[in-house]
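# Chains, contacts and geometry: an overview
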Amino acid sequence: MSIDGWRPTAETVTGRWSALERDWKSVIVGGMIVALVSALELQIPW
Amino acid sequence: MAIRRLLPGVFALCLGALLARGLALSLGVNNLLLAIALGVVVTNGVGIPARLESGIATHKLWLGAGIVLMGASISVETVLEVGGRVFLVVIAVATLTLIVVELLARNVFGLAERLGSLLAAGASICGVSAVVAVAGAVSAREEQVAYAAATVLLFDAITIAVYPIVGDLLELSSTVFGIWAGVSMFSTGPVVAVGFAHSEVAGQWATMTKLSRNALIGVVVLAYASYYARTGDGDIPSVRTLWAEFPKFVVGFLALAAVSSLGVFSTAQQTSIEHAYNWLFLLAFVGLGTEIQLGDLRQTGLVPAFVVMLSLLVASSLSLALLLVLF
């Protein structure tokens, strides 16, 4: 698939993300971090 | 593309967080308060370039995400054990603050009705977010919103400095200090910052208490909207307002606390999640510091500031006395 094929998908994702309320974005960012830590056993240093 | 526009500011927040962490380790001071100080110094010293502004404004997103992740570290047993008492204190103090500000604003100092309501919502529930939410429901004028928001930000700046000092002077326990900050300070960011600056346990209590207070915003917006609609100059509210105004990151926090209490995370995963929220808080607090612009705070009106100061003194001292009796 050429890069042009991905463009509509990327635009849809960006559009949906922009329309999302800030608080829900916080939940999604938090959920993504938990998913990464759980699935990849990601070690985050401090 | 929107994300490209945000990147420089987010990169600046990351740099600020790393700098705050590095300085805090070498100077032996609290990294969260240092992150706020860094933001204050930069914004008031050299100013924030326009191309960084939109990225730096994402700091509220990182604070919300950090609070969601904090859900994984919460001891559900402890919350169930003392949560009922804390929630009663939250309702009592929020109601008291709201009434004191309304009475002082209307009957003693003669402020405009809507300005008094905005100050009351900001002081009793969740700072500037509450001011904005109530302003929409009561059709407040723009200058009233700006005035009320500036007053709330002034007291955010003052309480960030004063609460840790009072906590140390009175040698408050982590639980009492955390709940006290959560129940009486205004905005969520400063509450989380001073809580974690005191101790990990105080930070968790401060955040949980503040979240339960934030959850009351829907009820307050609904009440104000009903009042102003009754007087004939506001929008007619609906029960949908309750959900529309409910802070959604509280849902994420509760969901993660429930999942974590099932024991699905290993110790290593839990540690990584804790480190992740520590970093997110640092990013958020560098950004929060840039919002404290001393020039704007000087323009806060004397009377609104005095009204809010009186109510803060009443709510803060009464809630501390109550907490010292209860815990």
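Figured I'd write up the structure that's included with this text.

Rules of the game
Residues numbered from 1 in each chain as written. Chains lettered and ligands numbered in written order. Predicted model: local features only at pLDDT ≥ 70, side-chain atom pairs only at ≥ 80, totals over all residues. Heavy atoms only, no water. Helix = DSSP H or I, 4+ residues; strand = E, 2+ residues; numbered from the N terminus. Rg over C-alpha atoms; globule rule 2.2 N^0.38 Å. Buried < 20%, exposed > 50% of the residue type's maximum accessible area, 1.4 Å probe, protein only. Contact = heavy atoms within 4.5 Å. Areas by Shrake-Rupley, 256 points an atom, 1.4 Å probe, with all protein chains shown as cover. Lys, Arg positive; Asp, Glu negative; His and termini not counted. Charge placed at Lys NZ, Arg CZ, Asp CG, Glu CD. Salt bridge = Lys/Arg side-chain N within 4 Å of Asp/Glu carboxyl O. Buried area = accessible area lost by both parts, 1.4 Å probe. Bend = angle between axes of the 7 residues up to and from the residue. Phe/Tyr/Trp six-rings, centres within 6.5 Å; stacked < 30°, edge-to-face > 60°. Lys NZ or Arg CZ within 6 Å of the ring centre and 35° of its normal. Expected span 1.5 Å × (residues − 1). Axes fitted to C-alpha atoms, helices over the stretch in contact; angles between N-to-C directions. Parallel < 35°, antiparallel > 145°, perpendicular 65-115°, else oblique. Nonpolar A, V, L, I, M, F, W, Y, C, P; charged D, E, K, R; others polar.

Secondary structure assignment for chain B yields 16 helices and zero strands. The C-alpha radius of gyration computed for chain B amounts to 19 Å, which stays within 12% of the reference 20 Å derived for 327 residues, consistent with globular compactness. For the C-alpha atoms alone, the extent of chain B along its principal axes is close to 55 × 50 × 45 Å. Each of the 327 residues in chain B was classed as buried or not, and the buried ones make up 54%. Long-range pairs, those at least 24 residues apart, make up 81% of the contacts in chain B between residues at least 6 apart in sequence. With an accessible surface of roughly 13,900 Å², chain B has 68% of that area assigned to carbon and sulfur atoms. Here chain B contributes 15 positively and 17 negatively charged side chains, and the mean placements of these two sets differ by 6 Å.

Next up on the list: unusual backbone geometry. Phi angles above zero are rare outside glycine, and E41 of chain A is one such case at about 50°. Turning to its location among the elements, E41 of chain A is positioned in the segment after α2 (22-40). You will see that S139 of chain B, though not glycine, has its phi angle at about 50°, which is positive. Among the structural elements, S139 of chain B can be located in the loop between α6 (113-138) and α7 (142-169). You can call S139 of chain B partly exposed: its relative accessible area is 40%.

Turning to the pattern of salt bridges, a few remarks are in order. All names here are of chain B. Within the structure shown, the criterion is met by four salt bridges over all chains. For the salt bridge of E102 with R106, the shortest nitrogen-to-oxygen distance reads 2.7 Å. Here E102 and its partner R106 are both found in helix α5 (residues 76-108), four residues apart, which amounts to about one turn of the helix. Relative accessible area serves as the criterion here: at 29%, R106 is assigned to the partly exposed category. Between R141 and E143 there is a salt bridge whose closest N-O contact spans 2.8 Å. Given the relative accessible area of 47%, E143 is considered partly exposed. Among the ionic contacts, a cluster of salt bridges with common partners joins E102, R106 and E113.

The next thing to look at is the interface of chain B and chain A. When the parts of a complex come together, some accessible area is lost, and that lost area is often taken as the interface size. Taken residue by residue, the interface counts 29 residues in chain B and 20 residues in chain A. With both sides pooled, the region where chain B packs onto chain A buries about 2,200 Å², and carbon together with sulfur makes up 70% of that total. In this assembly, chain B and chain A are joined by zero salt bridges. With 10 residues, the top contributor of residues to the side of chain B that touches chain A is helix α14 (residues 267-290) of chain B.

All right, on to α5 of chain B then. Within α5 of chain B, the axis deviates most sharply at V82 of chain B, by approximately 55°. Count one or two residues on from α5 of chain B and you reach G110 of chain B, which has phi positive near 65°.

What follows is about the packing of aromatic side chains. Applying the stated criterion to the full structure yields 13 aromatic pairs over all chains. For the pair F109 of chain B and F306 of chain B, a centre-to-centre distance of 5.6 Å together with 85° between the ring planes defines the contact as edge-to-face. With a gap of 197 residues between them, F109 of chain B in the loop between α5 and α6 and F306 of chain B in helix α16 (residues 302-326) connect regions that are remote in the sequence. Residue classification places F109 of chain B among the partly exposed positions, given a relative accessible area of 29%. What links up through ring pairs into an aromatic cluster is the set F196, Y277, F281 and F285 of chain B. Cation over ring: R21 of chain B sits above W46 of chain A, and NZ or CZ is 3.9 Å from the ring centre.

Our next topic: the environment of L103 of chain B. Residue and element names in this part refer to chain B. With respect to the helices and strands, L103 occurs in helix α5. Residue L103 is classed as partly exposed on the basis of its relative accessible area of 47%. Expressed as a C-alpha distance, the spacing of L103 and V307, which sit 204 residues apart in the sequence, is 9.5 Å.

On to the environment of S26 of chain B, then. Residues and elements named next belong to chain B. Within the secondary structure, S26 sits in helix α1 (residues 2-27). The exposure class of S26 is exposed, given its relative accessible area of 58%. On a C-alpha basis, the gap between S26 and S261 in space is 36 Å, while along the polypeptide they are 235 residues apart.

The next point concerns helix α13 (residues 248-261) of chain B. An ideal rise of 1.5 Å per residue puts 20 Å on 14 residues; α13 of chain B measures up with 20 Å between its terminal C-alpha atoms. Every buried residue of α13 of chain B is accounted for by K248, F249, V250, G252, F253, L256, A257 and S260 of chain B. Residues of α13 of chain B that are buried in the fold lie against α2 of chain A together with α4 (59-70), α5, α10 (200-214), α12 (240-245) and α14 of chain B. Positive backbone phi, at 80°, marks G263 of chain B, one or two positions downstream of α13 of chain B.

For the pair α2 of chain A and α13 of chain B, the least separation of the axes is 7 Å and the interaxial angle reads 25°. The orientation of α2 of chain A with respect to α13 of chain B, classified from their angle, is roughly parallel. Contacts from D23, W24, S26, V27 and V34 of chain A of α2 of chain A reach α13 of chain B at K248, F249, V251, G252 and L256 of chain B. Taken together, the residues of the contact of α2 of chain A with α13 of chain B break down into six nonpolar, two polar and two charged.

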